[in-house]
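A closer look at the structure
The primary structure of each chain is shown beneath.
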Amino acid sequence: MPSVYIKTYGCQMNERDSEAVAAQLVAKGYSLAPSEAVADVILLNTCSVRDFAEQKAVRKMENVAAETRRHRPEVVLGFMGCMAQSRGQELIDRLPDVDLVVGTQKFHHAAEYLDDILAGRRDKVVDVAEEEGSEAAIREHLLNGNGPKSVTAFVSIMQGCNQRCTFCIVPFTRGGERSRSIPDIVAECRQLVAQGVKEITLLGQIVTSYGKRGFGGMAVDGRAGSPLPAARSDANHGAHGVTRPTLQKSPFVQLLEAVHEIKGLERIRFTSPHPKGYGDDLIEAYVRLPKLVESAHLPVQSGSDRVLKLMHRGYTRTRCLGIIEKLRRAKSEIGISTDIIVGFPGETENDFADTVSLVREVEFDQAFIFKYSPRRDTPAAEMPGQVPQKTREERNQHLLQVINEVGKRKYGAFVGRRTQILVEGPSKKNPARMTGRTRCNKIVVFDGSERYRGQIMDVKIIRAGSFTLYGDLAIVNL
Ligand code: 5AD
């Protein structure tokens, strides 16, 4: 059977999609090639969120095509994912060596299309159509493939986004919001836990909107066949007959509760959320559900209300600060990360200064900074006041310095403390050492052996590097 090599660009959702495709191919008898140089099939799973990511994948395919054409013309080449979705046939017109283009609702057909191409039944395949129910098709995992057991796993709970932020291409590449049912997700999580997984990250483009538009075409209101109980609007009857309304729970919080029930699961994370999704029900869930770790991603994008409005984010700086305050009141140790775009059209020096001051005020534990990149068909690409590349670069550098300075302080504060980690496996940089993750999402590198993999243990932090902690096994573990 042929071997396949998949290279992934972009976010964790893309990583997850690639894993599911690889698992489907392995189930059909394909093997996974250790490098593209020896693969019979080379697939690039692409990202479109910024132009740079698209350019990288196109350049990579140009190189791969030139190489294989010369020495191994029978190799099958394909694009999958977001850029495949938004460009479709255009990719083959530009790169005629490409045989396959698989959109974001068609990952589960990749194996079937490859079989057809390899058997000579079809020459080229481009499939970027919508497919009802495809949100539930990202379910296969590659656990324990050849190597040791996976401690962590990602589970896709929904696809798409309806938010329509003016900078964002995701609604075009991933389509509208579609959620899997709670029982379906829980069954997948249970299976993972039975295979030894200790930590599950629930994934989607906008997980806090999970279930808001029904499930696989069904409404959320508990009508016949709906997999969710009707959203709770009941009331508590206290002493003396006083009625106290209970907190309305969003479908996402109901999902967290259901996953939390799974015995043997130790930790739950989720990404990516929308700041306005941190309602009181979710904040309260951090207090109530011990497996939900003290970590929150709050992609603020900007600290300027004017820019937030132009971005169509649906919240203000004050609202974000209020959410962060509530999260910290609920869990003082919570690690808070963010995404920020610099150089959004119309962003003035004052607006940028507002972003810098927000970062200083909040003291994010980690922040991912993106230089604004105009995307096809998005409103922001046509807005007046496009910021020159040089200014975007300067603001990026400036903000990076601030983030590093804040990070140094936040990470430094851990030195000398004992903290709980889940050991994930050998460190990528130095396989002689092991890495684990704190509940608040900080990587800890320490001297230890494989036998600690999958264990929850205490380490003492002895040093802080750049967004990494270095630990020593605390006495209690010896
Ligand atoms: N330009 C720059 N950054 C972008 N992001 C999304 N769209 C763009 C764009 N057009 C960033 C946002 C988002 C992260 C995943 O990517 O910060 O949260």
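It should be noted that the structure appears before, not after, this text.
Presented here is a report on the structure given in the accompanying data block.

Describing the overall build of the protein
- Helix and strand content of the protein: 13 helices and 21 strands.
- The C-alpha atoms of the protein give a radius of gyration of 23 Å, which matches the 23 Å a tight globule of 478 residues would have.
- In terms of overall dimensions, the protein has a C-alpha envelope of 75 × 55 × 55 Å along the principal axes.
- For the protein, with 478 residues in total, the buried portion stands at 54%.
- Here the analysis covers contacts within the protein between residues at least 6 apart in sequence; of these, 71% occur between residues at least 24 apart.
- Within the structure as shown, the protein displays about 21200 Å² of accessible surface, and the carbon and sulfur contribution to it stands at 51%.
- Averaging the positions of the 67 positive and the 58 negative side-chain charges in the protein gives two centres separated by 5 Å.

Here's the deal with the sheet that holds strand 4 (residues 76-80)
- Pairing is parallel across the open sheet formed by 6 strands, whose spatial order is 2-1-3-4-5-6. The two strands at the open ends of the sheet, each matched to only one other strand, are strand 2 (31-32) and strand 6 (125-127).
- In the sheet, strand 1 (residues 3-8) pairs with strand 2 via 2 bridges, with the strands oriented parallel. Note that in strand 2 the partner of serine 3 across the bridge is serine 31.
- Against the sheet, helix 2 (residues 51-71) engages strand 1, strand 3 (41-46) and strand 4, with an angle of about 170° to strand 4.
- Across the sheet, helix 5 (residues 110-118) lies against strand 3, strand 4, strand 5 (100-102) and strand 6, angled at about 170° from strand 5, the strand it touches most.

Rules of the game
- Residues numbered from 1 in each chain as written.
- Predicted model: local features only at pLDDT ≥ 70, side-chain atom pairs only at ≥ 80, totals over all residues.
- Heavy atoms only, no water.
- Helix = DSSP H or I, 4+ residues; strand = E, 2+ residues; numbered from the N terminus.
- Rg over C-alpha atoms; globule rule 2.2 N^0.38 Å.
- Buried < 20%, exposed > 50% of the residue type's maximum accessible area, 1.4 Å probe, protein only.
- Contact = heavy atoms within 4.5 Å.
- Areas by Shrake-Rupley, 256 points an atom, 1.4 Å probe, with all protein chains shown as cover.
- Lys, Arg positive; Asp, Glu negative; His and termini not counted.
- Charge placed at Lys NZ, Arg CZ, Asp CG, Glu CD.
- Pairing = 2+ DSSP bridges.
- Axes fitted to C-alpha atoms, helices over the stretch in contact; angles between N-to-C directions.

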